[in-house]
Each structure stands twice: as C-alpha cells, then as structure tokens.
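Geometric and topological summary
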Amino acid sequence: DVVWVVIPAAGVGARMQADRPKQYLPLAGRSVIEHALACFTGHPSLAGVVVAITDGDPYWAELTATSLSGQGAVHTAPGGRERADSVLNALDYLVDTLQVTADAWVLVHDAARPCLQRADLERLLAVREQCVDAGALLAVPVRDTMKRAQPHSLRVARTEDRDGLWHALTPQMARLGVLRTALATALAQGATITDEASALEWAGLQPLLVEGDARNIKITRPADLALAEFFLTFRSA
Ligand code: CTP
Ligand code: MG
C-alpha cells in the first residue's frame, strides 16, 4: 500500500492568542509543527508528507530554510479558508501534481497535535484492511459526565448517555479517492466539516474508531502548551 500524510497547518490560532500561529510556537526545544512532523518523517511505510500552508507564511519559510532542510521531501500545498479547504487543497496536490492514485491511503494529522506516539500511528495503520472503503480515526472514549443544556441557556436539560461517545483525534485515515470526493461533495453542499470523518459520514460511510492515547492533544489554548511540554518531556508518564 502507498500511504501519504497530509498536515493542515494554515490556521491562525485565534484561540491561542499568541504572537504567531500556534503551530510555530516553541515547545520542548523545537516548534509544535516539527513535533507533529517528526512522527512521520523517515517512517518506512509512508511515501511522503504534504503540508497545507498559508501563502507567504514567513514562519514556514524559516523552518524549511533551517531545521527542516535536508529532512527529505516535504511538499506544500496552499492553505484554504477552513481546515477542510486546506485538506482538500493538499489532496488535490497529491492527485494533480504528484499523480498519486485514488487507491492510495492518506493520513490527515493536525499540525497542532505534537504528542502523537508511534504506537498509535501503528495501530491506525494496522486497521487498513478492516476499513477499506470507510476510513478510520484515532479517538478516545469520553470520560466526564456529559450535560445537554437547554437551548440558548446554561440550565441543564439532561445528562447525555456517555456510553458510545468518543473524542475524535488525528490522524484520520482514508483512501485518497474516497476522502477527496467526500470532502469536495460535503463542502459543495454546505455541510459543517470539522474533521475528515465528518466528511466521510456525510457521504454515508461509517469510519472505524481506533482507540488512541489521550495525550495526543490538540494545542488550542495556552494551557495546552504546558500539558504538551509535560507529555513530551516525560514520554512514559
Ligand atoms: N487549519 C488549516 N487551515 C485552516 C484552519 C485550520 O490548515 N483554514 C489547521 C490548523 O493549522 C491546525 C488544524 O487545522 O493544525 C486544527 O485547527 P484548529 O485547532 O482550529 O487551528 P486554528 O484554526 O489555527 O485555531 P483557531 O480555531 O483557534 O483559530
Ligand atoms: Mg480553527
């Protein structure tokens, strides 16, 4: 099997309120996105990486000129308005520029997720035969009790059944052709698409949940950076 990696990295990180997009913030000796890339570069089963980058992004230019240079081919595609647009641009690049065929697999992983562990990546790659047409994603079961609020209110309407509820993580995996068609169709139809699985679901598919490690957090708010630093420093914690 041919497996490619797509890293959406064209967000501005508004919720992080930092002086630059969060994927370029320093974390345990390098930038967040370098940690995210490190899980994939040099992996023997992966064909390569396409990173979706905002046009003219000075931080990416600096990285490629310094620490990423000589690390093998990391391709770039233009970022889009939403995360799904960035991913679709990268898939288009795989098809149009790199001539990757529709039956190749694609792993999509957030640039803002620096703590992916090799074991989780391997567990996801291992389910390819079980999810040939539907895709799969890393996820963790919800632990807290879940409350549904009354519409437009902070009053509790009820407690939701937590059984069978999962937090969706990345990487999310699907066949290139399946995912590209699903994303393009869902976006054209105005669906709310926040991850690859939601596009596949929109197409009527049922992606496979693969239980991952809860330390694979997305850097979203300032406190997440401290947590990620801890996880990376104490890998076995
Ligand atoms: N992303 C992207 N293109 C966009 C928006 C987001 O490639 N138009 C990427 C981000 O760079 C990030 C991932 O998608 O790696 C997850 O998105 P999110 O956590 O929402 O990042 P931001 O959009 O940058 O953050 P915020 O929503 O707080 O502005
Ligand atoms: Mg966002």
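**Digging into the overall build of the protein**
Counting its secondary structure elements, the protein contains seven helices and eleven strands. By the compact-globule yardstick of 18 Å for 237 residues, the protein fits well, its C-alpha radius of gyration being 18 Å. Along the longest, intermediate and shortest principal axes, the C-alpha atoms of the protein span 55 × 40 × 35 Å. A buried classification covers 46% of the 237 residues belonging to the protein.

**Some words on the packing of aromatic side chains**
By the definition in use, this model includes three aromatic pairs. Taking the centre distance of 5.4 Å and the plane angle of 25° together, the rings of Y24 and Y59 count as stacked. Taken together, the residues Y24 in the loop between β1 (3-8) and β2 (26-27) and Y59 in helix α2 (residues 58-65) connect sequence positions 35 residues apart. For Y24, a relative accessible area of 4% translates into the label buried. Within the aromatic cluster, the residues linked to one another by ring pairs are F230, F231 and F234.

**Some points on the sheet that holds strand β10 (residues 166-175)**
What the seven strands build is an open sheet, ordered β5-β4-β1-β6-β10-β7-β11; its pairing is mixed. Since the sheet does not close on itself, it has two edges, and those belong to β5 (74-78) and β11 (208-211), each with one partner. The sheet shows a mean angle of 30° between the axes of neighbouring strands, direction not considered. One ladder, built from four bridges, connects strand β7 (residues 136-141) with β11; its direction is parallel. Its bridge partner being in β11, A136 is matched across the sheet by L208. Running over the sheet, helix α3 (residues 83-96) touches β1, β4 (48-53), β5, β6 (105-108) and β10 and is turned about 145° from β1.

**As for the pattern of salt bridges**
In the structure shown here, the tally under the stated rule is 13 salt bridges. The partner of D96 in a salt bridge is R180, with the nearest N and O atoms 4.0 Å apart. One end of the pair, D96, is in helix α3; the other, R180, is in helix α5 (residues 176-188), and 84 residues separate them in sequence. For D96, a relative accessible area of 49% translates into the label partly exposed. By relative accessible area, which is 26% here, R180 ends up partly exposed. Here the salt bridges do not stand alone but share partners, grouping R83, D110, R113 and E196 into one network.

**Thoughts on the nonpolar core**
Formed by 31 residues in total, the largest nonpolar core has its most connected members in I33, F40, V51, W60 and L107. Every element with two or more residues in this core is listed here: β1, α1 (32-38), β4, α2, β6, α4 (118-125), β7 and β10. In contact with I33, not counting residues within four places along its chain, are A9, Q23, Y24, V51, W60, L63 and A111. Among the nonpolar cores identified, the runner-up in size contains 25 residues, and V87, A90, V108 and L176 belong to it.

**Re helix α7 (residues 222-233)**
If you check α7, its first and last C-alpha atoms are 18 Å apart, about what twelve residues at 1.5 Å a residue would give, namely 16 Å. For α7, the set of buried residues is D224, L225, A228, F231 and L232. One side of α7 holds all its buried residues, which, seen down the axis, span an arc of 125°. For α7, the exposed residues set more than 90 degrees away from the buried face come down to A223 and A226.

**Topic: the side chain of H109**
Mapping H109 onto the fold places it in the loop between β6 and α4. Exposure remark for H109: the relative accessible area of 0% places this residue in the buried category. At 2.8 Å, the side chain of H109 forms a polar contact with the side chain of T170.

**A word on the pairing of strand β9 (residues 156-160)**
Side chains on a regular strand alternate between the two faces of the sheet. Direction of pairing for strand β8 (residues 146-149) relative to β9: antiparallel, over a ladder of four bridges. By the bridge assignment for β9, M146 is matched with E160. Between β8 and β9, which follow one another and run antiparallel, lie six residues, and H152 among them has a positive phi close to 50°.

**Structural notes on the site of ligand 1**
G13, A14, K22, S86 and K218 are the nearest of the 19 residues found near ligand 1. S86 places a side-chain nitrogen or oxygen 2.7 Å from a nitrogen atom of ligand 1. Contact between ligand 1 and A111: an oxygen atom at 3.2 Å from a main-chain N or O atom of the residue. Here the residues of the shell around ligand 1 sort into seven nonpolar, five polar and seven charged.

Procedures and definitions
Within each chain, residue numbers correspond to sequence positions counted from 1 in written order. The order in which chains are written sets their letters, starting at A; the order in which ligands are written sets their numbers, starting at 1. Confidence filtering applies because this is a predicted model: local features only for residues at pLDDT of at least 70, side-chain atom pairs given and counted only at 80 or more, and all residues used for totals across whole chains, interfaces and linings. In computing side-chain values, all of the structure's heavy atoms are included and hydrogens and water are not. Helix and strand assignments follow DSSP, with helices taken as H or I runs no shorter than four residues and strands as E runs no shorter than two, numbered in order from the N terminus. The globule rule used here is 2.2 Å times the number of residues to the 0.38 power, and the radius of gyration it is set against is calculated over C-alpha atoms. Note on exposure labels: buried denotes an accessible area under 20% of the residue type's maximum, exposed denotes more than 50%, and partly exposed covers the range between, all computed with a 1.4 Å probe on protein chains only. Pairing of aromatic rings covers Phe, Tyr and Trp, the last through its six-membered ring, and needs centres within 6.5 Å; plane angles under 30 degrees mean stacked, over 60 mean edge-to-face, and all others mean tilted. DSSP calls a pair of strands paired once it identifies at least 2 bridges connecting them. A fitted line through C-alpha atoms represents every axis, and for helices the fit uses only the stretch in contact; the resulting angles, taken between N-to-C directions, go from 0 to 180 degrees. For this analysis, residues touch if any pair of their heavy atoms sits within 4.5 Å. Any carboxyl oxygen of Asp or Glu within 4 Å of a side-chain nitrogen of Lys or Arg constitutes a salt bridge here. Put simply, buried Ala, Val, Leu, Ile, Met, Phe, Trp, Tyr and Cys residues joined by side-chain atoms within 4.5 Å make one nonpolar core. Each helix should span, by expectation, one fewer than its residue count multiplied by 1.5 Å. Our arc is simply the arc of the directions from the helix axis toward the C-beta atoms. The definition of a polar contact used here is a pair of N or O atoms within 3.5 Å, where within protein one atom must be able to donate a hydrogen and the other to accept one, and adjacent residues in sequence count solely through side-chain atom pairs. Proximity is defined per residue: any heavy atom of the residue falling within 4 Å of a molecule or strand makes that residue near it. The classification used treats Ala, Val, Leu, Ile, Met, Phe, Trp, Tyr, Cys and Pro as nonpolar, Asp, Glu, Lys and Arg as charged, and all other residues, Gly among them, as polar.

Treat this as a map of the structure, not an account of what it does.
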